[in-house]
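Fold and geometry: a report
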Amino acid sequence: MYTKQTITYKSDNRYFAGFLQKIINNTDIDAKVSQTKGKIELYISTKDDKKVELFNNQLEKYLPYSIFLGDIKNEQIDKMPNIEKFKTSGYEISPCLECLEQLSDPASVHYLDESLICDHYTDEKPTIKSSNTTFSPHFSQNDSMLITNVDKLDDMFELTALEKRVLYSIEKPTIKATIKDETIKNLTNKKFIYIKAPFDNRSYLISLNAKESGIDYLFFDHENDLNMIVVKENISIIKASRVAQKLQLIDKNSIVNRFLNIKNEANYSSGAIGIYFNQNKIAFLVSNELDSKIVIDFQLFDSIDCLNNLYKNRPKICKSFEQSFPNILTKIKNNKLTLFETISYILGLEDIGFEAVCDKSYEFRGNGGLKIDTNFIKNEDKTQVFDFEAFLGSIMSFKLASVDRHFLAYSIFESLADMAIMTMNQLKLKFKINNFIMMGDMFGNSVFYSRILSKFQLSNPYFAKSIALDK
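Let me sum up the structure you'll find in this document. Fair warning: this is a prediction, and the values are worked out from it, not measured in the lab.

**A closer look at the sheet that holds strand β13 (residues 281–287)**
Taken together, the five strands give an open sheet; going across it, the order is β14-β13-β12-β17-β18, and neighbouring strands pair in mixed fashion. Each edge of the open sheet is held by one strand with a lone partner, namely β14 (292–297) and β18 (462–463). Sheet analysis places strand β12 (residues 272–278) next to β13, joined by seven bridges and oriented antiparallel. Within β13, the position partnered with Ala 272 by the bridge is Ser 287. Sitting on the sheet, helix α8 (residues 254–265) is in contact with β12, β13, β14, β17 (436–439) and β18, with an inclination near 50° to β13. The sheet contacts of helix α15 (residues 405–431) involve β12, β13, β14 and β17, and relative to β12 the element is tilted by about 155°.

Below, the structure is given as structure tokens:
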């Protein structure tokens, strides 16, 4: 008899099946592995109990978790299929569990060997980029944190079981975590911070040395190599320069191109409606049998022009705001700012920008926010545009009413999500399309993401599984 395991795998990356093949080789079990789009199939002979036990032990010890793993289905079959030995090329992933064992074992020939290259999933020698990241015990603004002592993880952060699995997956992404430890809060002056597990040989060896010295974490300036978010049971790649599926060139417009790539991943053969919510750009897209294009394109935000209109059309709010919060509008007036930089100033945050507004929104732990104005108006040429003036005026009004900043920040993301849902429903009626695709780095905010999930759940919005939601 044979056992067949069908593993849902939400990526075309072949390294996970490669790890399975290597364990098959090392245990000399009668087994085969294959991979096709969306799944990995593992066939195992159950005739030799000792080899099956050894194989299972090796799986438990060395098979890594992957962010692309899905459900596993088992069944009994009568015959082993005729499949060639599985082969794959190299990938830019972290050292595997066997590599980490060799790096930390004084008896190993690769003990503390920074040049060790993981080939425990391939017969080739992968080409790995050398890292020159600088790690420090001293925090600088916008730094991320390298976890050097996993035993202290639960003492330092509030993380779900799924977030911990993602953090220590073979892909080693960066995720934002809620800080629990008061020392870290005082050191960083933050309640939330991006964290990462050791992700290459160098960072692992540095973390070993730090742990032996009683240092549980280090700080570093990370690039967006693999930024991810975990919301409930959803795992999404926000930005990535590795591991994520590379985009095919389908359309010259970068937003439309990402939309069409995700549409192909979702296997939407008919039409689809998409949203692109980026911190600096918002657009709605439609793809049907006639065309694929942006149908609603928010105008670029101009902080100076918007503030001038506020003074002109809402002088009472501006005057009251100036009296209650001196210098804030002057700072906005004298600098060309992004939308979220402007919001940061209005809220009176110490840090400025999208991440600062995100962090403030996470401080609110309740349900249901205020209704911020997210309306469309017709401009001089009768084109519908987003009313940034009313949006900011609404935030200023609530600020004048002494609404807590964290509640107001939460309400901003919730209201933007509600506007997205309302607009998608209108496009659904107009174009008779029932497929919805979510894109953009604003989904890096868990308030925005959660609101879409909960209030748009019946429409089954699609989040890409192997493609980053933004560039």
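**Quick word on unusual backbone geometry**
With a phi close to 55°, Asp 28 is a non-glycine residue in the positive phi region. For Asp 28, a relative accessible area of 54% translates into the label exposed. A positive phi is found at Asn 142, a non-glycine position, where the angle reads about 75°. For Asn 142, the location among the structural elements is in the loop between α3 (97–104) and β5 (144–147).

**Topic: the nonpolar core**
In this structure, Phe 277, Ile 343, Phe 391, Leu 392, Ile 395, Phe 443 and Ile 452 are the most contacted members of the largest nonpolar core, which totals 84 residues. Here this core gets 13 residues from one element, more than from any other, and that element is α15. Excluding residues that lie within four positions of it along the chain, Leu 392 makes contacts with Phe 301, Cys 306, Leu 310, Leu 339, Thr 342, Ile 343 and Ile 346.

**Side note on the packing of helix α13 (residues 354–362) against α15**
Packed helix pairs are characterised by how far apart their axes lie and by the angle those axes make with each other. Where α13 meets α15, the axes come as close as 7 Å, and the angle between the chain directions of the two elements is 110°. As the angle between them shows, α13 and α15 are arranged roughly perpendicular. As α13 packs across α15, the resulting crossing turns out to be left-handed. The segment α13 lies against α15, with Phe 354, Val 357, Cys 358, Lys 360 and Ser 361 engaging Arg 405, His 406, Ala 409, Tyr 410 and Phe 413. Along the lines of polarity and charge, the residues of the contact of α13 with α15 split into six nonpolar, two polar and two charged.

Definitions and cut-offs
- Numbering of residues starts from 1 in every chain and runs along the sequence as written.
- Reporting in this predicted model follows two pLDDT cut-offs: at least 70 for local features of residues, and 80 or more for side-chain atom pairs to be given and counted; totals over whole chains, interfaces and linings ignore these cut-offs and use all residues.
- Note: side-chain values were computed over all heavy atoms of the structure, leaving out hydrogens and water.
- Note on pairing: DSSP must find at least two bridges between two strands before they are called paired.
- Think of it this way: any DSSP run of H or I at least four residues long counts as a helix, any run of E at least two long counts as a strand, and we number them from the N terminus.
- The contact definition used throughout considers only heavy atoms, calling two residues in contact when any of these lie within 4.5 Å.
- Interaxial angles span 0 to 180 degrees and are taken between N-to-C directions of axes, which are lines fitted to C-alpha atoms, for helices over the stretch in contact.
- Burial classification: accessible surface area is computed with a 1.4 Å probe over protein chains only, and a residue below 20% of its type maximum counts as buried, one above 50% as exposed, and the rest as partly exposed.
- Think of a nonpolar core as a cluster: buried Ala, Val, Leu, Ile, Met, Phe, Trp, Tyr and Cys residues, connected wherever their side-chain atoms sit within 4.5 Å.
- Put simply, angles under 35 degrees are roughly parallel, angles over 145 are roughly antiparallel, angles from 65 to 115 are roughly perpendicular, and the rest are oblique.
- Handedness of a crossing follows from how the near helix is turned relative to the far one, being left-handed for an anticlockwise turn of less than a right angle and right-handed for a clockwise one.
- Residues are grouped as follows: Ala, Val, Leu, Ile, Met, Phe, Trp, Tyr, Cys and Pro are nonpolar; Asp, Glu, Lys and Arg are charged; every other residue, Gly included, is polar.

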